[in-house]
Amino acid sequence: MKNKKIIIGIVVAIVIVIAVAVAAFVATGKDNDSLSSNAEQASKSEEKINGNYNVFEAIQKLEPTDTLEVMNEKMGFEAKDITSEGSNGWKKYEWEITEDTSLQATIFETSKTASFTAEFPDEMIANDKADFSNVKDFKSKINSTEGLKYEDFVNTIGCEGTVEKRDSNSIGYTWVNSDKGVLHASFYLESGKCSIYNGVF
């Protein structure tokens, strides 16, 4: 009888040890999965950037009066000449910042000034706060004496826009909502008034 109790005790102890080992293995596996997932997300969020700035910073750093040499110095690498064949009076350059973002500069030979365009996927700036339900009212207001300024767009749409174009006379913003609707608007630097807007919303 005594031996039987000892055997039962040994069996129970073995079962407990096995259960603890299995639980530890499962927990370790989950932790490793979690660490792997976190590492993948970190890798995606830290996409390699060529040069000194991401595309949203870059369009704010370059000035229309900068020479190409100064632009290259600010960007941290040389732009690629993408001027179309047969172009007259201007040259176009591009800095590829990541695989899907770039900054383009069109330099006009006569004025020695440049215009800039930021290229990026719409989904990068999609904002669920962007509301285009009252955009239809913009048309009549833009043509009024008071006009519409950037602040009016922000107040109506519900969030800040993203700079996508700049030159010596104007600045252009874009908004993207969660339904993939897009709105572009350009504003004169001197008066601050909107000169044109368009989009799909």
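Our structure is the block above this text.
What counts and how
- Residues numbered from 1 in each chain as written.
- Predicted model: local features only at pLDDT ≥ 70, side-chain atom pairs only at ≥ 80, totals over all residues.
- Heavy atoms only, no water.
- Helix = DSSP H or I, 4+ residues; strand = E, 2+ residues; numbered from the N terminus.
- Buried < 20%, exposed > 50% of the residue type's maximum accessible area, 1.4 Å probe, protein only.
- Areas by Shrake-Rupley, 256 points an atom, 1.4 Å probe, with all protein chains shown as cover.
- Pairing = 2+ DSSP bridges.
- Core = buried A, V, L, I, M, F, W, Y, C linked by side-chain atoms within 4.5 Å.
- Contact = heavy atoms within 4.5 Å.
- Patch = residues over 30% accessible without salt bridge, like charges linked within 9 Å, V, L, I, M, F, W, Y side chains within 5 Å.
- Salt bridge = Lys/Arg side-chain N within 4 Å of Asp/Glu carboxyl O.
- Lys, Arg positive; Asp, Glu negative; His and termini not counted.
- Charge placed at Lys NZ, Arg CZ, Asp CG, Glu CD.
- Phe/Tyr/Trp six-rings, centres within 6.5 Å; stacked < 30°, edge-to-face > 60°.
- Polar contact = N/O pair within 3.5 Å; in protein donor to acceptor, adjacent residues only side chain to side chain.
- Arc of directions from axis to C-beta.

Visitor: Just to check I follow, could you spell out the overall build of the chain for this structure?
Guide: Summing up its helical and strand segments, the chain has five helices and eight strands in all. Helices (α) and strands (β) of the chain occur, in sequence order from the N terminus, as α-α-α-β-β-β-β-α-α-β-β-β-β. For the chain, with 201 residues in total, the buried portion stands at 32%. Per element, the accessible surface of the chain, about 13,200 Å² overall, is 52% carbon and sulfur.

Visitor: It is not clear to me how the pairing of strand 5 (residues 162-166) should be interpreted in this structure. Could you clarify?
Guide: With respect to burial, strand 5 is a largely interior element, four of its five residues being buried. Judged from the two bridges that link them, strand 4 (residues 113-119) and strand 5 form a sheet pairing that is antiparallel. In the sheet register, Phe 116 faces strand 5, and the bridge partner there is Arg 166. Linking two consecutive strands that pair antiparallel, namely strand 5 and strand 6 (residues 170-176), is a turn of three residues.

Visitor: Sorry if this is basic, but what is going on with the nonpolar core here?
Guide: It is characteristic of soluble globular proteins that their nonpolar side chains tend to be buried jointly. Ranked by internal contacts, the top residues of the largest apolar core, which has 41 residues, are Trp 95, Leu 103, Phe 153, Trp 175 and Leu 183. Not counting residues within four places of it along the chain, the set of residues in contact with Trp 175 comprises Phe 132, Tyr 150, Phe 153, Val 154, Ile 157, Cys 159, Glu 160, Gly 161, Gly 181, Val 182, Leu 183 and Ala 185.

Visitor: Looking at this structure, I do not really get the sheet that holds strand 4. What am I missing?
Guide: The strands that make up a sheet are held in pairs by hydrogen bonds between backbone atoms, and each pair lies either parallel or antiparallel. Spatially, eight strands are ordered 1-2-3-4-5-6-7-8 in an open sheet, and the strand pairing comes out antiparallel. In this open sheet, the two strands that pair with only one neighbour each are strand 1 (80-81) and strand 8 (194-200). Looking at chain direction, strand 1 and strand 2 (residues 90-96) are connected through two bridges and run antiparallel. Residue pairing across strands places Lys 80 opposite Glu 94, the latter belonging to strand 2.

Visitor: What is the right way to read a negative patch on the surface from this model?
Guide: A surface patch of like charges, here negative, comprises Glu 47, Glu 96, Glu 99, Asp 100, Asp 122 and Glu 123. By the secondary structure assignment, Glu 123 is in the loop between strand 4 and helix 4 (138-142).

Visitor: How should the packing of aromatic side chains be read in this particular structure?
Guide: Both the distance between ring centres and the angle between the ring planes are used here to describe each pair of aromatic rings. Following the criterion strictly, the structure yields 12 aromatic pairs and no others. Consider the rings of Phe 153 and Trp 175, whose centres lie 5.8 Å apart with planes at 20 degrees: the pair is stacked. Separated by 22 residues along the polypeptide, Phe 153 in helix 5 (residues 150-157) and Trp 175 in strand 6 bring together distant segments of the chain. Like Phe 153, the residue Trp 175 is buried in the burial classification. When the centroid spacing of 6.3 Å and the interplanar angle of 35 degrees are considered together, the rings of Tyr 173 and Trp 175 count as tilted. Residue classification places Tyr 173 among the buried residues on the basis of a relative accessible area of 14%.

Visitor: In this structure, what is going on with the environment of Glu 94? I would like to understand it.
Guide: With respect to the helices, strands and loops of the structure, Glu 94 is situated in strand 2. It is 6.7 Å that separates the C-alpha atoms of Glu 94 and Ile 82, two residues lying 12 residues apart in sequence. Sequence-distant contacts of Glu 94, that is, excluding residues within four places in its chain, are made with Ala 79, Lys 80, Ile 82, Ser 102, Leu 103 and Gln 104. Within polar-contact distance, the side chain of Glu 94 engages the side chain of Ser 102 at 3.0 Å.

Visitor: Hey, could you run me through helix 5 in this one?
Guide: In an α-helix, one turn spans 3.6 residues, which is why side chains three or four residues apart end up on the same side. For helix 5, the full list of buried residues reads Tyr 150, Phe 153, Val 154 and Ile 157. Projection of helix 5 onto a plane perpendicular to its axis shows the buried side chains occupying an angular sector of 100 degrees, all on one side. Tucked inside the fold, the buried residues of helix 5 contact helix 4, strand 6, strand 7 (182-188) and strand 8. A positive backbone phi angle near 105 degrees is found at Gly 158, which sits one or two residues after helix 5.

Visitor: Can you help me understand the side chain of Thr 117 in this one?
Guide: Tracing the chain through its elements places Thr 117 in strand 4. Assessed through its relative accessible area of 18%, Thr 117 is described here as buried. Look past the residues within four positions of Thr 117 in its chain and what remains in contact with it is Ile 59, Ser 102, Leu 103, Gln 104, Glu 164 and Lys 165.

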